Amino acid sequence: MPILEVESVTKMFGGLAAVRDLSFAVERGEIVGIIGPNGAGKTTTFEIITGFQTPTEGRVRFKGESVAGLRPYETARRGLGRTFQIPQPFPGFTVLENIMAAAFMHHPSRPAAERKARAVLERVGMVSSVSFLAKNLTLADTKRLEIARALAIDAEMVLLDEVMAGLTPVEADEAIALLLSLNRDGVTFLVIEHIMQIIMSISRRIVVLHHGEKIAEGSPDHVSQDAKVIEAYLGEESFLA
């Protein structure tokens, strides 16, 4: 059974379909990418899966159970974590406190939440930043903190929304190494990313959206040569060129 199933999902805003009749599934242990031009419906899809938006039509199942229409904290409690295009830590909290705030979901006592948070800090390589205020972190560390907070809720699947955006090549390589390491540990990822070389290198499969509709799905090699995908991007022989 797939860990995530999106079936015939449509989201209307007035007369505009932000997402139309979208279906795909993610197997446990996969890294699946979602790509598409700006306005393609990628973030709206994340919002629907994680409970920030309710689908107008269609079904979303996580671990075999319907999550369509649940609140964000309810999907998080079930093990579905996410990051945001613009990171949203508590700026006046330390790194440790930010992660503890997430850990309290399944570790309600302060000592248990702190133990969980410190374990996550070690796992993501942020032990040296434990007492830093979130507002003073670099962009790369702020995005790493976002991943850490998702892990602190014991997430089995994490949705990453442009987590590589704005990073230097060295920082992006470090972020990729962390993602792949977490995936080897069993975390499933659904990833929105505009940097094609990155998303193509880390994903087992790619789902391509355009104007809210899925226009292609398959291996990175397959979608990179798909005529509809090429037309949606640059109209050139290959958008990876």
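Scroll up for the structure.
The rules behind these values
- Residues numbered from 1 in each chain as written.
- Predicted model: local features only at pLDDT ≥ 70, side-chain atom pairs only at ≥ 80, totals over all residues.
- Heavy atoms only, no water.
- Buried < 20%, exposed > 50% of the residue type's maximum accessible area, 1.4 Å probe, protein only.
- Helix = DSSP H or I, 4+ residues; strand = E, 2+ residues; numbered from the N terminus.
- Pairing = 2+ DSSP bridges.

K.L.:
What should I look at first to understand the pairing of strand E9 (residues 205-210) in this one?
P.N.:
A regular strand carries its side chains on alternate faces of the sheet. Among the 6 residues in E9, 5 count as buried, and that is most of the element. Where strand E3 (residues 31-35) and E9 come together, 4 bridges link them in parallel fashion. Along E9, the bridge assignment pairs Val-32 with Arg-205. For E9 and strand E10 (residues 213-218), the ladder comprises 5 bridges, and the chain directions are antiparallel. Each residue of the ladder has a partner; that of Val-208, found in E10, is Ala-216. Here E9 folds back onto E10, and the loop between the two strands holds 2 residues, one of which, His-211, carries a positive phi near 55°.

K.L.:
Honestly, the sheet that holds strand E5 (residues 65-66) in this entry has me stumped. Any pointers?
P.N.:
Pairing between sheet strands relies on hydrogen bonds along the backbone, with the strands arranged either parallel or antiparallel. One open sheet accounts for 4 strands, arranged E2-E1-E4-E5; its pairing is antiparallel. In this open sheet, the two edge strands, each paired with only one partner strand, are strand E2 (16-26) and E5. Pairing of strand E4 (residues 57-62) with E5, which is carried by 2 bridges, proceeds in the antiparallel orientation. Its bridge partner lying in E5, Arg-61 is registered against Ser-66.

Keep in mind these values describe shape, not function.
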